[in-house]
Amino acid sequence: MASSDPVYLRVVEDIRRQINDGTLPPGAPIPSRAQLTRKYQVGETAARHALRVLAGEGLIFGRVGSGHYVRERPDLAPLHRWRFHDHQAPFAADLQSQGRRVTWDWHSEPVEATPEIAQRLRVEESTTLTRTHYVFRGDGKPLQLATSYEPLEFAPHSDEERRSLIGRLSSYGIKVTEIIESVHTRVPRPAEIDALDLSAGVHVLHLKRTHWAGERPVETSDIVLPGDRFEIVYSMAVHL
């Protein structure tokens, strides 16, 4: 690795610039290591490290025996977080509004609360909760993973009960008063790379969402999205 030798950065920055400004369009070949050493007057190690960095950023990909090429960068699809908050599946509703065919699979199981989930739901550690895993697909491609945690007494137990979370809680006399989300990016876990068919170097958007009824959290979820396919859009009402 040439991390202690900054000369490789000249290679990375120049090729990154050419990709971003369109000089190197999607599918264009990237110079070989030998070509990079001659063009930029750097050593073999620096050229190799530059290619690794660009691949790690998701800008290029390698083909065995063929070299490296510029990766196609899809347009980011907007996800409106509050537009469909009372729908059974807000993510699905948002994609359907964009003309995509959406399907999803799910399964539920009882689990003990981990320390983090216990803190988010304000319950004792090892409290039994219902955990539901979802995989959402748009036009057959996996696009979102979600894991929801709910107290046993509120969780759905049949397809008929899988309506709006807010509506279902309302049937128990629970009124959702606030939804809080936090968003961060991170490196995907191996299982997420497989489940979302992520390219090398692509990070994920991780949303932590909690539904509150007054001072009580009644559901919390971890939502994972490919960072190269979506942008999160929030709308906030202004009351003067």
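Residues numbered from 1 in each chain as written. Predicted model: local features only at pLDDT ≥ 70, side-chain atom pairs only at ≥ 80, totals over all residues. Heavy atoms only, no water.

A.B. asks: Explain the overall build of the chain to me, using residue names and the numbers behind them.
C.D. replies: Along the chain, the regular secondary structure elements total seven helices and eleven strands. Looking at the chain as a whole, 42% of its 240 residues are labelled buried. If you take every contact in the chain between residues at least 6 apart in sequence, the share linking residues at least 24 apart comes to 59%. By element, 51% of the accessible surface of the chain is carried by carbon and sulfur atoms, the whole surface being about 13400 Å². (Helix = DSSP H or I, 4+ residues; strand = E, 2+ residues; numbered from the N terminus. Buried < 20%, exposed > 50% of the residue type's maximum accessible area, 1.4 Å probe, protein only. Contact = heavy atoms within 4.5 Å. Areas by Shrake-Rupley, 256 points an atom, 1.4 Å probe, with all protein chains shown as cover.)

A.B. asks: Please set out the sheet that holds strand β1 (residues 29-30) residue by residue, giving values where relevant.
C.D. replies: Pairing within the open sheet is antiparallel, and its three strands lie in the order β1-β3-β2. Taken across any chain shown, the strands that pair with only one partner, and hence form the sheet edges, are β1 and β2 (60-63). With four bridges joining them, β2 and strand β3 (residues 67-70) adopt antiparallel strand pairing. The residue of β3 that forms the bridge with F61 is Y69. (Pairing = 2+ DSSP bridges.)

A.B. asks: Before we move on, can you summarise the confidence of the model for the chain with the specific residues and values?
C.D. replies: On average, residues of the chain score 86 in pLDDT, and 89% of them reach the 70 mark or higher. For the chain, per-element mean pLDDT is lowest for helix α4 (residues 90-97), which scores 71, and highest for helix α5 (residues 115-121), which scores 97. (pLDDT = per-residue confidence, 0-100.)

A.B. asks: Account for unusual backbone geometry, with residues named and values stated.
C.D. replies: Positive phi, close to 55°, is recorded for Q41, a residue that is not glycine. Tracing the backbone through its elements, the reader meets Q41 in the loop between α2 (33-40) and α3 (44-56). Given the relative accessible area of 66%, Q41 is considered exposed. Its identity as a non-glycine residue notwithstanding, D139 has a phi of 55°, on the positive side. Secondary-structure assignment places D139 in the loop between β6 (128-138) and β7 (141-151).

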